[in-house]
Amino acid sequence: MESLQVQEESILIEKVCQIYEKLSKLETLKPSKDVDNLFTQLVHACIPHSSINIANLPANIQEIRSKLIRLCGQAEGLLEAHFSTILGSFKNPLHHLNIFPYYSNYLKLGRLEYDILNQHYSTTSETPKRVAFVGSGPLPFTSIVLASYHLKDTTFHNYDIDSTANSMASRLVSADQDLSKRMVFHTADIMDVTDELKDYDVIFLAALVGMNMDEKNKVIQHLAKYMAPGAILMLRSAHGARAFLYPVVDPNVLHGFNVLSIFHPEDDVINSVMISRKFVEPVNIDNNYLHLDIGSLMASSCKYCDIQPFNHPLGHMKMIDESM
Ligand SMILES: C[S@@+](CC[C@H](N)C(=O)[O-])C[C@H]1O[C@@H](n2cnc3c(N)ncnc32)[C@H](O)[C@@H]1O
């Protein structure tokens, strides 16, 4: 690695550790000038470094990273609850969403996720009718943005383990004729939700559900078990130094799914977007049933990892899934 890059990365790591030290000493992570200032510094420090490979960092930095991700998750939850409370005081909260400082980021992320979903969802012009968002929180902006601007006939089922988050979230849409009917809220740990998961054409998994690799993989394997064959799983991950802020989803552990593409934004959208499709029915090859597990055969690069299947050894396999 170039010495300049090594130098830049050690400056970044020094800065991240300094910010972590200050955040970890704060009484509370509720929105305040100090908290906002520290997180703004953290985001501005991380965004430019998309080439750093977090997996190569030493154990002590990895430990700081996993603690920092939890602090970021806590602060995000408190920030969303704070603004959801303010928005809930308006007659129609949906007319005031832009008071949230990162609303434009959600508009961009929603557009990005919609475009990627649109590209892979289906060769026919149909759109998903039932979408679940897992980890919707007190400010379910992704569901609101998709329902308002992109998927106007789709019903959104929002799952959150926290009943307070759900009552705050449902308050935001209750005054709206359309969204009050198309936004449903379920209070549950997603790990306890089983059969109903097969009812969804698309499931979004929030970045903050599963705060480390093990927890994230447990949720993904649970979804793999209960989702309908061919249904789409949209995941939020992180790339480069953005992985100091959010958990990373490793495409190679998505057993049960074909990873169709991964997009790493270069602008101020923090999350990477990964789209995958649950395996279709087993394919009968000369009477030996075989699950289509080409995920592990996939080649992937970085930047825009539009994962293309190799000419895999079973090339003669009849693909039920038209998008292969
Ligand atoms: C604060 S929101 C933030 C969503 C954020 N925009 C994202 O993409 O992650 C994350 C929510 O996930 C919820 N959550 C965490 N683990 C969960 C689980 N196992 N089942 C359902 N909801 C969960 C938390 O209660 C929290 O409200």
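Residues numbered from 1 in each chain as written. Predicted model: local features only at pLDDT ≥ 70, side-chain atom pairs only at ≥ 80, totals over all residues. Heavy atoms only, no water.

The protein has the name Nicotianamine synthase in an unreviewed UniProt entry, where Artemisia annua is given as its organism. What UniProt records for the protein under Catalytic activity (unreviewed entry) is the sentence "3 S-adenosyl-L-methionine = nicotianamine + 3 S-methyl-5'-thioadenosine + 3 H(+)". According to its UniProt record, the protein has this under Sequence similarities (unreviewed entry): "Belongs to the nicotianamine synthase (NAS)-like family." (UniProt positions renumbered as here; feature names shortened; annotations may be inferred.)

**Student:** I'm lost on the pattern of salt bridges in this one. Help?
**Tutor:** One side chain can pair with another of opposite charge once the charged atoms of both are near each other. Tallied over the entire structure, the rule returns 7 salt bridges. With its nearest N and O atoms 3.0 Å apart, the salt bridge here joins Glu21 to Lys25. Of this pair, Glu21 and Lys25 both sit in helix H1 (residues 3–25), 4 residues apart, roughly one helical turn. Glu21 sits in the partly exposed class, given a relative accessible area of 37%. Put simply, Asp268 and Lys108 hold a salt bridge, and the shortest N to O gap is 2.7 Å. Of this pair, Asp268 sits in the loop between strand E6 (257–263) and strand E7 (272–278) while Lys108 is found in helix H4 (residues 103–121), placing the two residues 160 residues apart along the sequence. Judged by its relative accessible area of 36%, Lys108 falls in the partly exposed class. (Salt bridge = Lys/Arg side-chain N within 4 Å of Asp/Glu carboxyl O. Helix = DSSP H or I, 4+ residues; strand = E, 2+ residues; numbered from the N terminus. Buried < 20%, exposed > 50% of the residue type's maximum accessible area, 1.4 Å probe, protein only.)

**Student:** Would you mind showing me how to read the site of the ligand here?
**Tutor:** By nearness alone, 17 residues border the ligand, and Tyr106, Asp160, Ala207, Leu208 and Arg236 come closest of all. One of the side-chain nitrogen or oxygen atoms of Glu76 is found 3.2 Å away from a nitrogen atom of the ligand. Separating an oxygen atom of the ligand from a side-chain N or O atom of Arg236 is a distance of 2.7 Å. Protein burial of the ligand: of its 600 Å² of free accessible surface, 86% is covered by the chains. Sorting elements by how many residues they give to the shell around the ligand places helix H3 (residues 59–88) first, with 3 residues. (Near = heavy atom within 4 Å. Polar contact = N/O pair within 3.5 Å; in protein donor to acceptor, adjacent residues only side chain to side chain. Areas by Shrake-Rupley, 256 points an atom, 1.4 Å probe, with all protein chains shown as cover.)

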